[in-house]
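Report on the structure
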Amino acid sequence: MNIAIYTLGCKVNQVETQAMERELLRRGHTLTDFFGPADAYIINTCTVTAVSDKKCRNIIRRARKSARTAVVAVCGCYAQTSPDAAAALGADLVSGSAGRLAFLDKLEELLRAKGRQVIDVDSALARRDFERLPAGGGTGRTRAMLKVEDGCANFCSYCVIPYARGPVHSLPLAEAAEQAAGLAEEGYREVVLTGIEISSWGRDLNTGETLIGLVEAVCAAAPGLRVRLGSLEPRTITADFCRRTAALPNLCPHFHLSLQSGCDATLARMNRKYDTARYYESVRLLREYFPDPGITTDLIAGFPGETGEEFARTLDFVEQCAFTAMHVFPYSRRPGTPADTMPGQVSREEKEARVRRAIALGRDLERRWLEGQAGRVLPVLFEEEKDGLWQGHTPNYALVRARGTDLHNRLAEVEITGAEDGVLTGVLREPLHKTPDCGKISW
């Protein structure tokens, strides 16, 4: 059958879609463009914000309207928390944020003999076992994502994801190392360890192992792969963590630390598990142990009760941390979360104004950081050709463009000559490298 998939949301959704793609191909199906004709349309949904919900509803409606005889199948976090709404939009099959292989089984059943609508959603909070899926990336990609964790137990006051994903469950260390070695054999040059909250990896395994042990095992199992980490909680960054990660030659020095607010009062209302002093300690440690690491973050503007003074405090703290890039979002009310009923809800206009200010600051910080790379020689893993130039990323996750020939999935040193619109430009050096060399760079 011809099957098309549309994915919304985070890297975990992306890796789960890629696993479904690999499984569908293994079963003999053909993957096709979502906006063309197909026998079935799979929509992997997200529910992190109200905007995410709206996008999910729109794409379900579009699939149903344009393909009246095809099977429309919906899975993911929006389907988990709002299965009846997804069904009301015309989905033939509604599953949740787990059981992907069983979801594909049910899809095949509907393709063979179309029948009644099927809604099959479990209780996320009752989950205990890690769902094993095929690891890898899309066809022709240099970077694979390895899902090592699912679920979250932080219950931040604004977040619906613990209800959509359930408690923490982890891929055992030996299996993660084995999958990483397999990805290296397939020809990938980089792997990203991802999950809903990878800082909590291992807490359910009762082995005493923590994230740093997993990282060491993966780096050792696949020494020819550059290894990246997904989003981290600030508590993860300790002197021991930094000392051990800095000793790994193929670990990329790029760390995404969730901030959300730079004001202690706002962080307390958010039910975050740190204050600004602890957060800044993480930033300081990273810069002590790594030469010029990429440190990126997320920020929520306009959280309930956030005053103008509190937001100004956040901007001052962002400046102090000197992030290399930021993702900024307006606070989004999520029914069923504590923040939804908090007093002091900020108007949409004020939230949008604060977002614009934070984005402007983030771009300025990014520009300053990128301009500081000029004159350096950096290893770049090239991914694709665009507008006559090849582009790829440095270990600290700066995007670089340079002229060259047939550079896909190749690692090369680039002398950085400048920066423009968030991208470094440079001149290729020869010879091309065969090994990651993430930790031994002439900075």
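For the structure, check the block above.
Heads up: these notes are all about the structure in this document. Source: prediction; values computed, not measured.

Quick word on the pairing of strand S1 (residues 2–7)
In the sheet, S1 pairs with strand S2 (residues 30–31) via 2 bridges, with the strands oriented parallel. Bridge assignment links Ile3 to a residue of S2, and that residue is Leu31. Of the crossover connections in this fold, the one passing from S1 over helix H1 (residues 11–26) to the parallel S2 is right-handed. Judged from the 5 bridges that link them, S1 and strand S3 (residues 40–45) form a sheet pairing that is parallel. Across the sheet, the residue bridging to Ile5 is Ile42, located in S3.

Here we look at the packing of helix H12 (residues 308–321) against helix H13 (residues 348–371)
At a closest axis distance of 10 Å, the pairing of H12 and H13 adopts a crossing angle of 10°. Classed by the angle they form, the pair H12 and H13 counts as roughly parallel. On H13, the residues that touch Gly308, Phe311, Leu315, Val318 and Glu319 of H12 are Arg354, Arg357, Ala358, Leu361, Leu365 and Arg368. For the contact of H12 with H13, the class distribution of residues is 6 nonpolar, 1 polar and 4 charged.

Some thoughts on the pattern of salt bridges
Taken as a whole and assessed by the stated rule, the structure comprises 37 salt bridges. Between Glu233 and Arg272 there is a salt bridge, with the nearest N and O atoms lying 3.2 Å from each other. Taken as a pair, Glu233 in the loop between strand S11 (226–229) and helix H9 (239–246) and Arg272 in the loop between helix H10 (264–270) and helix H11 (276–289) lie far apart in primary sequence, 39 residues in all. Glu233 gets classed as buried once you look at its relative accessible area, which sits at 8%. Taking the relative accessible area as the measure of exposure, Arg272 reaches 10% and is therefore buried.

Re the nonpolar core
Core analysis: the largest hydrophobic core is formed by 69 residues, its most contacted members being Leu146, Tyr158, Leu232 and Tyr279. Tallying contributions element by element places helix H8 (residues 211–221) first for this core, with 7 residues. Look past the residues within four positions of Leu146 in its chain and what remains in contact with it is Ala135, Leu171, Ala176, Gln179, Ala180, Leu183, Val191, Val192, Leu193 and Thr194. Core analysis: the second largest hydrophobic core is formed by 22 residues, Ala4, Tyr41, Ile59 and Val94 among them.

Here we look at the sheet that holds strand S17 (residues 399–402)
One closed barrel accounts for 5 strands, arranged S15-S16-S17-S19-S18; its pairing is mixed. Ignoring which end each strand starts from, the neighbouring axes of this sheet average 50° apart. Strand direction decides the pairing type here: S17 and strand S19 (residues 423–428), joined by 2 bridges, are parallel. By the bridge assignment for S19, Arg401 is matched with Thr425.

Section: unusual backbone geometry
Notably, Asn206 is not glycine yet its phi reads approximately 55°, a positive angle. Along the polypeptide, Asn206 turns up in the loop between strand S10 (190–194) and H8. The class for Asn206 is exposed, based on a relative accessible area of 71%.

Let's talk about the sheet that holds S10
Strands pair in a sheet through their backbones, by hydrogen bonds, and they do so in one of two ways: parallel or antiparallel. Strand order in this open sheet of 3 strands is S7-S10-S11, and the pairing throughout is parallel. Because the sheet does not close on itself, it has two edges, and the strands there are strand S7 (143–147) and S11. Between one strand axis and the next, the sheet turns through 25° on average, direction left out of account. Alignment of S7 against S10, held across 5 bridges, turns out to be parallel.

So, how was this worked out
- Residues numbered from 1 in each chain as written.
- Predicted model: local features only at pLDDT ≥ 70, side-chain atom pairs only at ≥ 80, totals over all residues.
- Heavy atoms only, no water.
- Pairing = 2+ DSSP bridges.
- Helix = DSSP H or I, 4+ residues; strand = E, 2+ residues; numbered from the N terminus.
- Right-handed = clockwise from strand over helix to strand, strands pointing away.
- Axes fitted to C-alpha atoms, helices over the stretch in contact; angles between N-to-C directions.
- Parallel < 35°, antiparallel > 145°, perpendicular 65-115°, else oblique.
- Contact = heavy atoms within 4.5 Å.
- Nonpolar A, V, L, I, M, F, W, Y, C, P; charged D, E, K, R; others polar.
- Salt bridge = Lys/Arg side-chain N within 4 Å of Asp/Glu carboxyl O.
- Buried < 20%, exposed > 50% of the residue type's maximum accessible area, 1.4 Å probe, protein only.
- Core = buried A, V, L, I, M, F, W, Y, C linked by side-chain atoms within 4.5 Å.

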